[in-house]
Amino acid sequence: MLQTTVPAKAVPAPPLHPRGTRARVLLCSVFGPYARDDEFGGSVINPMELYHNQVTRVQGPFSLRMFHRSWGIMLIQCNISAPCTVLDFPTLERFVLELKSRAYDVIGISSIIVNVLKVKHMCELIRRYQPHAKIVIGGHIANLDDLHARVDADHIVRGEGVAWFRAYLGEDTGAPIRHPVVLSPVNMRSMGVAVPNRPGETAATVIPSVGCPIGCNFCSTSAMFGGKGRSSVFYASGDELFEILCGLERETGARSFFVMDENFLLDRRRALALLSRMEAARKPWALYLFSSANVLRRYSMDELLRLGVSWVWLGLEGKDSRYGKLAGADTRAMVHKFQENGIRVLGSTIIGLESHTRDNIHEAIDYAVAHATDFHQFMLYTPLPGTQLHRELAAQGRILAESEVGLPKIHGQERFNYRHPHLRDGEETALLLAAFRRDFEVNGPSVVRIIETTLKGWLRHKNHPDPRVRDRVRWEGRELPTTFAAVVAAARNWLGRATPHYGRLGQLLGRLYAEFGLKARLAAALGGRYVLWRMRAEARRLAHGMTLEPPTFYEANFDPGTVQGGPVPARCRFVECAGAL
């Protein structure tokens, strides 16, 4: 299948900045803290942790905790020649210090809609400390049609930012895209144990394109890049993508890659060309990616295994949902088949579709839970500003006024921002939590599900005839006899005999013992006690209201040694295709 997307709508060309490539640029994410109720609309319920926020929300000490960098501003920084610094996850005090320490000609802020009050305050601070700087706002917040009236900014960029900044600074908008060097998780932890970002063991992030090729009506990403089917493709060929992956491997030692593309496998020609290059170079890489059910059905299991697909984020949306990407797909059978082959699945389900009622909502939740995916995301049906769904409901007079549900509340984990035909008076909050709890009660901790799927892949493919597949499967299963055995033993003791998972985890331990012998038994006996001790400490911290915040990153695309005064930024890193300018 050829790529079916069309180019993203062109972002209107900005006026040329008078200093051109000599303009000094600061790119910044919104300030923290992020997991705290504050006057800027922040809330404990909406931390800067995707998994803990939307996936493992009720799993207590089992919850997967991690942060991800702000890839968009990193991508822009690597692709302009103007001197540019990135300040990612600053505190408010650190942001003010930067404004006081160094003069900038352009200050860009990237944000999502819920942080509009933080963006407003940051603009006010820029006007106070650097009144001559031009303020540029981008990211999903740009979907707000009235953003100009809400914040004091000079430019609002809705769409792909690299081309816009290149045009603004008088650079070549068609130059090849350099790729930032990004490790996917930051400060990852689970069960009270920190997971270090060791070279070769941590996934690198790769961004082949931006935009949503499917274009669901609720999709903010689709709206941001011009609507259904539109995207900006950075690496259109398998050869280009292979070179970028090789560069990331060289820079980080990564063997696994989080493919940040809304539906990477949609372009079958590119995917198979990448596979051909991987086979020729004997690369046993693992790919973690997003996909729709109908696209996955176009690939054989052999193709997926040889391509290194070992983790899939799959939109299930909901029972009887009418989205075309699911038409005719038996998603439960698909998930089971993937897991039997060691491919871990994160299912995503919408709570509060318009067909959901008090009578059928729990049936819809049970349908989602029956998939028994390794992880499960639950989100409220949310018409975000700028989307087709928001326009449709606004035309019907069903969008709630901001006095009822403000923008900082429409993150999909608390309240509807529209009048649902059947669910009213905030009952969606309890129903969303019921979905998370039901999944945890029935399927157990996600970290254990991951181990079960990994073991299935090991047993089925450890002697695969393709040496690359064999190498990858053995690498992914390298911790089965040690860390994973300890995790299962600790989880079994934590959950106790009263839960239905006690016997299941005992059987899982038995399979690990049978496969790995004394090594797994020792790890379970000794390591299991250590992990259990760390879990108890983590549970106490959570009971006392522990929240986590990401570290601040400060990086430059010029020699940091030339910076005078204030903190010295680290040098940003990037990779590029051979022959790129």
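Only a predicted model underlies this, so the values are computations on that prediction, with no experimental measurement involved.

Along the backbone of the protein chain there are 20 helices and 21 strands. Here the C-alpha atoms of the protein chain give a radius of gyration of 24 Å, agreeing with the 25 Å that 2.2 N^0.38 yields for 581 residues. C-alpha extents for the protein chain along the principal axes are approximately 70 × 55 × 50 Å. Across the protein chain, contacts joining residues at least 24 apart in sequence account for 75% of those joining residues at least 6 apart. Summed over its atoms, the accessible surface of the protein chain is roughly 23400 Å², and 53% of this surface lies on carbon and sulfur atoms. For the protein chain, the distance from the average site of its 72 positive side-chain charges to the average site of its 57 negative ones is 5 Å.

Before going further, it helps to examine unusual backbone geometry. Between Gly 32 and Pro 33 the backbone carries a cis peptide bond, its omega angle lying at 5 degrees. If you trace the backbone, Pro 33 turns up in the loop between β2 (25–29) and α1 (50–54). The phi dihedral of Asn 187 is positive, around 55 degrees, even though this residue is not glycine. Take Asn 187: it is sitting in strand β9 (residues 186–190). With relative accessibility at 44%, the residue Asn 187 sits in the partly exposed group.

Attention now goes to the packing of aromatic side chains. Aromatic ring pairs are described here by two measures, namely the spacing of the ring centres and the angle between the planes. Evaluation of the coordinates by the stated rule reveals 23 aromatic pairs. Where Tyr 51 meets Phe 375, the ring centres are 5.5 Å apart and the plane angle is 65 degrees; that geometry is what we call edge-to-face. Pair noted here: Tyr 51 is in helix α1 and Phe 375 is in strand β18 (residues 375–380), with a separation of 324 residues, a long-range link. The exposure class assigned to Tyr 51 is buried, which follows from its relative accessible area of 9%. The interplanar angle of 45 degrees and the centroid separation of 5.9 Å between the aromatic rings of Tyr 530 and Trp 533 together place this pair among those described as tilted. Of this pair, Tyr 530 and Trp 533 both sit in helix α20 (residues 518–543), 3 residues apart, which is roughly one turn of that helix. Sitting over the ring of Phe 553, Arg 69 keeps its end group 4.0 Å from the ring centre. The ring of Tyr 554 is capped by Arg 94, whose NZ or CZ atom sits 4.6 Å from the centre of that ring.

Quick look at the pattern of salt bridges now. Going through the model one piece at a time under the given rule, you end up with 39 salt bridges. Among the salt bridges present, the one from Asp 439 reaches Arg 449, with a minimum N-O distance of 2.9 Å. Here Arg 449 lies in helix α16 (residues 446–461) and Asp 439 lies in helix α15 (residues 427–443), a separation of 10 residues in the sequence. When sorted by exposure, Asp 439 lands in the same class as Arg 449, which is buried.

The N-to-C vectors of α16 and helix α19 (residues 501–516) enclose an angle of 35 degrees; their axes lie 11 Å apart at closest approach. In terms of crossing hand, the pair formed by α16 and α19 is left-handed. On α19, the residues touching Val 448, Arg 449, Ile 451, Glu 452, Leu 455, Trp 458 and Leu 459 of α16 are Arg 504, Leu 505, Leu 508, Arg 511, Leu 512, Glu 515 and Phe 516.

Those residues of helix α14 (residues 388–395) lying buried are Leu 389, His 390 and Leu 393. Buried residues of α14 fall within an arc of 100 degrees about the axis and therefore sit on the same side. In α14, the exposed positions that point more than 90 degrees away from the buried face belong to Arg 391 and Ala 395. In the stretch just after α14, Gly 397 is the one whose phi turns positive, near 70 degrees.

What the 6 strands build is an open sheet, ordered β11-β14-β15-β16-β17-β18; its pairing is parallel. The open sheet has two edge strands with one neighbour each: β11 (204–206) and β18. Each adjacent strand pair in this sheet contributes to an overall mean axis angle of 20 degrees, direction not counted. With 3 bridges connecting them, β11 and strand β14 (residues 256–259) associate as parallel partners. Paired with Thr 205 across the strands is Phe 258, a residue of β14. The sheet strands contacting helix α8 (residues 238–252) are β11 and β14, and the helix crosses β11 at an angle near 160 degrees. Against the sheet, helix α17 (residues 467–476) engages β14, β15 (286–291), β16 (309–317) and β17 (344–351), with an angle of about 85 degrees to β15.

What counts as what
Sequence order sets the numbering: in each chain, residues are counted from 1 along the sequence as written. Confidence filtering applies because this is a predicted model: local features only for residues at pLDDT of at least 70, side-chain atom pairs given and counted only at 80 or more, and all residues used for totals across whole chains, interfaces and linings. Values shown for side chains rest on all heavy atoms present in the structure; no hydrogens or waters enter the calculation. Runs of E in the DSSP output that reach at least two residues are strands. Runs of H or I that reach at least four are helices, and both are numbered from the N terminus. With C-alpha atoms as the basis for the radius of gyration, the globule rule is written as 2.2 Å multiplied by the number of residues raised to the power 0.38. Working rule for contacts: check all heavy atoms of both residues, and any pair within 4.5 Å makes them a contact. For the accessible areas, the method is Shrake-Rupley and the probe is 1.4 Å, while residue cover comes only from the protein chains on display. Charge counting treats Lys and Arg as positive and Asp and Glu as negative, with His and both chain ends excluded. The atoms used to mark charge sites are NZ of Lys, CZ of Arg, CG of Asp and CD of Glu. With a 1.4 Å probe rolled over the protein chains alone, any residue whose accessible area is under 20% of its type maximum counts as buried; one over 50% counts as exposed, and the rest are partly exposed. Any pair of Phe, Tyr and Trp rings, taking the six-membered ring for Trp, is counted once the centres come within 6.5 Å. Such a pair is stacked with planes under 30 degrees apart, edge-to-face with planes over 60 apart, and tilted for the rest. As a reminder, the over-ring test applies to NZ of lysine and CZ of arginine, requiring each to be within 6 Å of the ring centre and within 35 degrees of the ring normal. Just to be clear on terms, a salt bridge is a Lys or Arg side-chain nitrogen sitting within 4 Å of an Asp or Glu carboxyl oxygen. The axes used here are C-alpha line fits, helices contributing only the stretch in contact, and every angle between their N-to-C directions lies in the interval 0 to 180 degrees. Left-handed is the label given to a crossing in which the near helix is rotated counterclockwise from the far helix by less than a right angle, and right-handed is the label when the rotation is clockwise. The directions considered for the arc are those from the helix axis to the C-beta atoms. Pairing between two strands requires that DSSP report at least two bridges joining them.

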